[in-house]
Amino acid sequence: MIVVLKVGATEAQQKHVIAKVKELGFKPHPIVGAERTVIACIGDDRDKAQLQTLGSLSYVDSVMPILKPYKLASKETTKERTVVKVGNVAIGGSQFVVMAGPCSVESRAQIIKSAEIVKAAGAQILRGGAFKPRSSPYSFQGLEEEGLRLLAAARERTGLPFVTEVVTPSDVAMVADYADMLQIGARNMQNFALLKEVGRVRKPILLKRGMSSTLKELLMSAEYVMSQGNYDVVLCERGIRTFEEYTRNTCDISAIPALKELSHLPVILDPSHATGLRSLVIPVAKAGVAVGAHGLIVEMHPKPEEAVSDGAQSLTPPQFDKMMSEIKKYLVIEGKHL
Ligand code: PEP
Ligand code: MN
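What you see is a predicted model, and the numbers here were worked out from it, not measured in a lab. (Residues numbered from 1 in each chain as written. Chains lettered and ligands numbered in written order. Predicted model: local features only at pLDDT ≥ 70, side-chain atom pairs only at ≥ 80, totals over all residues. Heavy atoms only, no water.)

### A closer look at the packing of helix α2 (residues 108-121) against helix α10 (residues 317-334)
In the contact formed by α2 and α10, the axes pass within 9 Å of each other and the chain directions differ by 25°. Between α2 and α10, the crossing angle belongs to the class labelled roughly parallel. As α2 packs across α10, the resulting crossing turns out to be right-handed. Packed against α2, whose contacting residues are Ile-117, Val-118 and Ala-121, the element α10 presents Pro-317, Phe-320, Asp-321 and Met-324 at the interface. Looking at side-chain class alone, the contact of α2 with α10 contains six nonpolar, no polar and one charged residues. (Axes fitted to C-alpha atoms, helices over the stretch in contact; angles between N-to-C directions. Helix = DSSP H or I, 4+ residues; strand = E, 2+ residues; numbered from the N terminus. Parallel < 35°, antiparallel > 145°, perpendicular 65-115°, else oblique. Left-handed = near helix turned anticlockwise from the far one by under 90°. Contact = heavy atoms within 4.5 Å. Nonpolar A, V, L, I, M, F, W, Y, C, P; charged D, E, K, R; others polar.)

See below:
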């Protein structure tokens, strides 16, 4: 159920409703919008009739059921679009946010050079994996904490905040100490222990769609994070498994407007993993802008032929420059800017 407060309800009135919701045995999740505050009440549906009594309070506008199973992530709960801050960068507003960098952090020189290149081209967030979820146990697994230190050094040098993946619940606190945003990768989208753990930190989460997950499952995973009190979740379409073999995955481009219809959370596109081929990254990135994505996450490597992971889908520095200047034209049409 959601309790919608009247415009102008005071903080004391808000606190009173929260206390009442707790008294009735529900967990209150206050969502403070620009205009009004909504208190989402999560608990046993069988007791929801009791919440209706709050409707008699003079500063409560309405008490309504939330029909979708992803209560906090749903548009039903929050009509206004959520803006998620990563460092000083706001995702979900009129600024289009590009996160870029190598698949894996490989060395100090490689990550600092990558950060300088993507920053000069206009990207606002650095990406780089320190913990890599690889399909083979014999493939490079990442530099781990040393990789996080190198990402922090690149941030120090360029001022770019960074996003990096966390793969194990017990590493969450440590990764959150270094990173500006934590990525949950496709392979971990339904690792519920990991989702709960990142829900307990106060760092924004980039949640990638599992390669065989439905949009509803993606939103239920966002709900896992939000149910723990972390509402700063950005959704990411990164391609799904189909029978097609030419591309690494099949980019489900309609997932972007669909997720925007279903949820208030920002939605970005990863054209690198969605295609697996560097030649397709720029056209698919443009499609992302055209369908209303709030940003992109793109792999760029100073020397893709030497990359330890995902070289074939990593843009070269000149190609990254080209992508940035080409998407600018599409952003004008969409009324957005970098
Ligand atoms: C990555 O971002 O390098 C990555 C492993 O992505 P995904 O989880 O989407 O495969
Ligand atoms: Mn990768």
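### Here's the deal with the coordination of the manganese ion (ligand 2)
The reference angle at a metal is 109.5 degrees if four donors form a tetrahedron and 90 or 180 degrees if six donors form an octahedron. Within the protein, the manganese ion (ligand 2) binds to Cys-103 (SG), His-273 (NE2), Glu-299 (OE) and Asp-310 (OD); these donor distances fall in the range 2.0 to 2.4 Å. Mapped onto the polypeptide sequence, the residues donating to the manganese ion (ligand 2) form the spacing pattern C-x169-H-x25-E-x10-D. Here His-273, found in helix α8 (residues 271-275), pairs with Glu-299, found in strand β14 (residues 295-299); they are 26 residues apart in sequence, far enough to count as distant. Look at Glu-299 and you get buried, because its relative accessible area is 1%. (Donors = N, O, S within 2.8 Å, 3.2 Å for Na, K, Ca; no water. Buried < 20%, exposed > 50% of the residue type's maximum accessible area, 1.4 Å probe, protein only.)

### With respect to the domain arrangement of the chain
Domain annotation for the chain reports domain 1 (2-64) and domain 2 (84-334). Between domain 1 and domain 2, the C-alpha centre-to-centre distance is 35 Å. (Domains from an automatic or database assignment.)

### Considering the sheet that holds strand β8 (residues 125-127)
On the basis of which strands lie adjacent, the closed barrel formed by eight strands has the order β7-β8-β9-β10-β11-β12-β13-β14 and parallel pairing. Averaged over all pairs of adjacent strands, the angle between their axes in this sheet comes to 25°, without regard to strand direction. Of the pairings in the sheet, the one linking strand β7 (residues 97-101) to β14 comprises five bridges and is parallel in character. Residue pairing across strands places Met-99 opposite Ile-297, the latter belonging to β14. (Pairing = 2+ DSSP bridges.)

### Re α10
For α10, which comprises 18 residues, the first-to-last C-alpha distance of 26 Å matches the rise-based estimate of 26 Å (1.5 Å per residue) to within 8%. Three or more residues of α10 are buried, namely Phe-320, Met-323, Met-324, Glu-326, Ile-327 and Leu-331. Against β7, α2, α9 (278-290) and β14 lie the buried residues of α10. (Expected span 1.5 Å × (residues − 1).)

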